[in-house]
Amino acid sequence: MSGNTVTPPHAVSCTPSRAARELDLKRSEFDLAVHLGRIRTVPDEGGGGRRVVRAEIDRLRSEPGFPETLRESVLAVGTGEGAAILEVPPTRFTRLARLGLVVPVKFYLNRYRAVVWLYLADELRQFASDKTNAFLLTGRTPEVLRSQLAAGVDLRSRNWRGRHLGFLLRQADGPWQHAGALAGFLDPLQVAEIVKDPYERAHLNRFRPGPPAHGAPGTPAAHLVEKIMTADDPDEIAWLRSDLANTLDEARADQPAPRPARKPAVSGPAPNPVPPHKPKQPKQPETPDAPDVPVAPEEPDRPTRGLLSWLRRRNA
């Protein structure tokens, strides 16, 4: 056997579905663990998405308390369970979430198309154990926070976007992928104002991530998810636009966007131009031939008649 034999990629890495089974995780738990950086992935050299190397699976399986510890680290709970962890009423928990004091890690739409936010149980336990947060869990909510709630503050969508953007940037393999992740949170009109070149915009859209799958494209559910995905706060939009413009400068310097090949100039004399087409003239009717008219014989010249008369007289 040759010493240059290349080990096939599937022998040292596996697909996400296979990795989830080997780690005793549901696919949703596995995806969240990847988002949070609990499980490291690598790009598939064949362009088939992300893969998990065998060494990473072995590392996780060798940790103490596997698989319960890993599963517990990605446990996501809703408002009711989250309130129970903090030992507060659900209404207070919702206020804390709207103020951005607890950050959602994912969401889904229920059958009524209402947004259900989910939070990491681990983070909620850490929040409850921090003594500096005790005044937020008991007693009257501070006046400054109550005024923000009265003004309609709700940072859940923005905080989720920031968290999701962090995941996408960790997965980015280059400046164009980095720029695409930023563009995924801006309205297309905002992106068009920054990226005026159509070829650059088309190249950037290749790396622009879509919103999480919630319903078929064009459905009310999909529109709602797209709204959550798109930045709407002026400060957030300004930061994304600035970061996108700077990242695009890096991407252009690293690798310009592809453009159509220019046609080579034609050398030598120019080809003869094709004569313009002349409209065909209508055929004129033929004129009938004029009838034959008898022509009288020419009369001899007078000197010729005199000579003939003289010869006749001489011969008489």
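The structure under discussion appears in the preceding block.
About the thresholds
Residues numbered from 1 in each chain as written. Predicted model: local features only at pLDDT ≥ 70, side-chain atom pairs only at ≥ 80, totals over all residues. Heavy atoms only, no water. Helix = DSSP H or I, 4+ residues; strand = E, 2+ residues; numbered from the N terminus. Buried < 20%, exposed > 50% of the residue type's maximum accessible area, 1.4 Å probe, protein only. Contact = heavy atoms within 4.5 Å. Areas by Shrake-Rupley, 256 points an atom, 1.4 Å probe, with all protein chains shown as cover. Pairing = 2+ DSSP bridges. Axes fitted to C-alpha atoms, helices over the stretch in contact; angles between N-to-C directions. Arc of directions from axis to C-beta. Polar contact = N/O pair within 3.5 Å; in protein donor to acceptor, adjacent residues only side chain to side chain. Core = buried A, V, L, I, M, F, W, Y, C linked by side-chain atoms within 4.5 Å. Phe/Tyr/Trp six-rings, centres within 6.5 Å; stacked < 30°, edge-to-face > 60°.

A.B. asks: Can you walk me through the overall build of the protein in this structure?
C.D. replies: Within the protein one finds 16 helices and six strands. Here the protein holds 316 residues, and the buried ones make up 29% of them. For the protein, long-range pairs separated by at least 24 residues make up 68% of all intrachain contacts whose partners lie at least 6 apart in sequence. Accessible area for the protein stands at about 21500 Å²; split by element, carbon and sulfur atoms hold 55% of it.

A.B. asks: How should the sheet that holds strand 2 (residues 42-43) be read in this particular structure?
C.D. replies: Two pairing modes exist for strands in a sheet, parallel and antiparallel, and in both the strands are linked by backbone hydrogen bonds. Reading across from one edge, 1-3-2 is the order of the three strands in this open sheet, with antiparallel pairing throughout. Edge positions in the sheet fall to strand 1 (13-14) and strand 2, since each has one partner strand and no second. Bridging between strand 2 and strand 3 (residues 50-53) involves two bridges; their strand directions are antiparallel. Opposite V42, over in strand 3, you have R51 as the bridge partner. Against the sheet, helix 3 (residues 54-61) contacts strand 1 and strand 3, and its axis sits at roughly 60° relative to strand 3.

A.B. asks: I keep staring at unusual backbone geometry and nothing clicks. Help me out?
C.D. replies: Excluding glycine, most residues fall at negative phi; most peptide bonds, likewise, are trans. Cis geometry marks the peptide bond from F66 to P67, where omega comes out at 5°. Relative to the helices and strands, P67 is located in the loop between helix 3 and helix 4 (68-73). The phi torsion at E87 lies on the positive side, around 60°, for a residue other than glycine. Mapping E87 onto the fold places it in the loop between helix 5 (79-86) and helix 6 (90-98). By relative accessible area, which is 73% here, E87 ends up exposed. One non-glycine residue, R113, adopts positive backbone phi at about 60°. Mapped onto the secondary structure, R113 falls in the loop between strand 5 (106-109) and strand 6 (115-120).

A.B. asks: Mind showing me how you'd approach helix 13 (residues 198-205) here?
C.D. replies: Note on helix geometry: an α-helix contains 3.6 residues per turn, so any two residues three or four positions apart are oriented the same way. Among all positions of helix 13, only E200, H203 and L204 are buried. In an axial view of helix 13, the angular spread of the buried residues amounts to 100°, which keeps them on one side of the axis. Considering only its buried residues, helix 13 is in contact with helix 11 (175-183), helix 12 (188-194) and helix 15 (234-254). Two to three positions downstream of the cap, the backbone nitrogen of Y199 sits 2.8 Å from a side-chain oxygen, assigning the N-cap of helix 13 to D197.

A.B. asks: Help me understand the pairing of strand 5, please; the structure alone is not making it clear to me.
C.D. replies: The two faces of the sheet receive side chains in turn, since in a regular strand these alternate between them. Judged by which residues are buried, strand 5 turns out to be one-sided: F107 and L109 face inward and are buried, whereas K106 and Y108, on the alternate face, are not. Across four bridges, the pairing between strand 5 and strand 6 is antiparallel. Its bridge partner being in strand 6, Y108 is matched across the sheet by V116. The hairpin turn running from strand 5 into strand 6, its antiparallel successor, is five residues long, and R113 in that turn takes a positive phi close to 60°.

A.B. asks: I tried to follow the nonpolar core on my own but got confused; where do I start?
C.D. replies: Soluble globular proteins: nonpolar side chains tend toward being buried together. Grouped together as the largest cluster of nonpolar side chains are 65 residues, with contacts concentrated most on L23, F30 and I39. Look past the residues within four positions of I39 in its chain and what remains in contact with it is L23, L25, F30, A33, V34, V52, E56 and L60.

A.B. asks: What is the right way to look at the packing of aromatic side chains in this model?
C.D. replies: Geometry of an aromatic ring pair is reported as the spacing of the ring centres plus the angle between the planes. Evaluated as defined, the whole model comprises three aromatic pairs. Ring plane angle 90° and centroid distance 5.1 Å describe the contact between F93 and Y119, whose orientation is recorded as edge-to-face. Here F93 is found in helix 6, whereas its partner Y119 is found in strand 6, with 26 residues between them in sequence. In this structure Y119 comes out as buried when scored by relative accessible area, which is 1%. Ring centres of F107 and W160 lie 5.1 Å apart, and the angle between their planes is 85°; this geometry places the pair in the edge-to-face category. With a gap of 53 residues between them, F107 in strand 5 and W160 in helix 10 (residues 156-171) connect regions that are remote in the sequence. As far as burial versus exposure is concerned, F107 and W160 are alike and both buried.

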